[in-house]
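Spelled out, the chains give:
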Amino acid sequence: QVQLVESGGGLVQAGGSLRLSCAASGRTFSNYNMGWFRRAPGKERDFVAAISWTGGSTYYGDSVKGRFTISRDNAKSTVYLQMNSLKPEDTAVYYCAADSRRRPLVIAQAMDVTVYDYWGQGTQVTVSS
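Quick look at the structure, then. (Residues numbered from 1 in each chain as written. Predicted model: local features only at pLDDT ≥ 70, side-chain atom pairs only at ≥ 80, totals over all residues. Heavy atoms only, no water.)

1. Observations regarding the pairing of strand β7 (residues 68–73)
No. 1: Side chains of β7 alternate between two faces, with Phe-68, Ile-70 and Arg-72 buried and Thr-69, Ser-71 and Asp-73 left unburied.
No. 2: Between β7 and strand β8 (residues 78–83), which pair antiparallel in sequence order, lie four residues; one of them, Ser-77, sits at a positive phi of approximately 55°. (Buried < 20%, exposed > 50% of the residue type's maximum accessible area, 1.4 Å probe, protein only. Helix = DSSP H or I, 4+ residues; strand = E, 2+ residues; numbered from the N terminus. Pairing = 2+ DSSP bridges.)

Written out as C-alpha cells, the structure is:
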C-alpha cells in the first residue's frame, strides 16, 4: 500500500509562486512514475505534469509549460511541483498520483488518470487576481 500526502498549497497573488510537495510511503518510491493533476471547480481532473521513476523524463500540460517544474528526490520519497507565474486560472485542488508499475514513462500514459493506482487527498491552490 502506498500513501501520498500533498502539502504546500495556499493563497497567492497572480504572478507569485508556490511549491507543492508530495511525500510517499513505501520503500519502492524510486520505482514509481509520479504525476500531478488538478481539478478546478466544476471541471474535470486535468493533467499538470509527470516525471519518470528515474527522473530522466518529464511531461507537462500545455497550460503550465514554461511555468511549472516537476522534480523528485528519491532519497526523501518526495515529488515536487514548483509553480511560478501563477494565474487565477491555476486555481484548483492539486493531486499527486503514483503509478507503482515500474515502466518507461510515455506521454499518453502520463496524462491518463487510469494509469495511476494511488492518489493523494489533494491540496488547495488559490490564485487571486
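2. Examining the state of the cysteines
No. 1: Counted according to the given criterion, the structure contains one disulfide.
No. 2: Here Cys-22 is linked by a disulfide to Cys-96, with a sulfur-sulfur distance of 1.9 Å. Taking the sign of the S-S torsion, 45° for the link of Cys-22 and Cys-96, the bridge is right-handed. Residue Cys-22 is found in strand β3 (residues 18–24), and its partner Cys-96 is found in strand β9 (residues 92–99); the two are separated by 74 residues along the sequence. Like Cys-96, Cys-22 is buried. (Disulfide = S-S within 2.5 Å.)

3. Here we look at the environment of Phe-68
No. 1: Tracing the backbone shows Phe-68 in strand β7.
No. 2: In the structure, Phe-68 is positioned 20 residues away from Val-48 in sequence and 8.5 Å away in space, judged by C-alpha atoms.
No. 3: Setting aside residues no more than four positions away along its own chain, Phe-68 makes contact with Arg-38, Val-48, Tyr-60, Leu-81, Gln-82, Met-83, Asn-84, Leu-86, Asp-90 and Tyr-94. (Contact = heavy atoms within 4.5 Å.)

4. A look at the sheet that holds β3
No. 1: Spatial strand order, β1-β3-β8-β7: four strands in an open sheet with antiparallel pairing. Lying at the two open borders of the sheet, with one neighbouring strand each, are β1 (4–7) and β7. Across the sheet, the mean angle from the axis of one strand to that of its neighbour is 15°, orientation sign disregarded.
No. 2: Examined bridge by bridge, β1 and β3 share four bridges and lie antiparallel to one another. Across the sheet, residue Glu-6 finds its bridge partner in β3, namely Cys-22. (Axes fitted to C-alpha atoms, helices over the stretch in contact; angles between N-to-C directions.)

5. Looking at the pattern of salt bridges
No. 1: Following the criterion strictly, the structure yields five salt bridges and no others.
No. 2: Between Asp-90 and Arg-38 there is a salt bridge whose closest N-O contact spans 2.9 Å. Taken together, the residues span a long stretch of sequence, with Asp-90 in the loop between β8 and β9 and Arg-38 in strand β4 (residues 33–39) at a distance of 52 residues.
No. 3: A residue is classified by how much of its surface remains accessible, and Asp-90, at 0% relative accessible area, is buried.
No. 4: With its nearest N and O atoms 3.3 Å apart, the salt bridge here joins Asp-99 to Arg-101.
No. 5: Classification of Asp-99 as buried rests on a relative accessible area of 2%. (Salt bridge = Lys/Arg side-chain N within 4 Å of Asp/Glu carboxyl O.)

6. Remarks on the packing of aromatic side chains
No. 1: For the structure on display, the rule yields five aromatic pairs.
No. 2: Taking the centre distance of 5.7 Å and the plane angle of 70° together, the rings of Phe-37 and Phe-47 count as edge-to-face. One end of the pair, Phe-37, is in strand β4; the other, Phe-47, is in strand β5 (residues 45–51), with ten residues separating them in the sequence. Across this residue pair, the class does not change: Phe-37 and Phe-47 are buried.
No. 3: Centre to centre, the rings of Phe-37 and Trp-119 are 5.2 Å apart; their planes meet at 55°, and the pair counts as tilted. Remark: Trp-119 occurs in strand β10 (residues 118–119) and Phe-37 occurs in strand β4; sequence separation between them is 82 residues.
No. 4: When its relative accessible area of 0% is taken as the criterion, Phe-37 is described as buried.
No. 5: Through a chain of ring-to-ring contacts, the aromatic side chains of Phe-37, Phe-47, Tyr-116 and Trp-119 assemble into a single cluster.
No. 6: The cationic tip of Arg-45 hangs over the ring face of Tyr-95; the distance from NZ or CZ to the ring centre is 4.3 Å.
No. 7: Across the ring face of Phe-29, the terminal group of Arg-72 is positioned such that the distance to the ring centre comes to 4.5 Å. (Phe/Tyr/Trp six-rings, centres within 6.5 Å; stacked < 30°, edge-to-face > 60°. Lys NZ or Arg CZ within 6 Å of the ring centre and 35° of its normal.)

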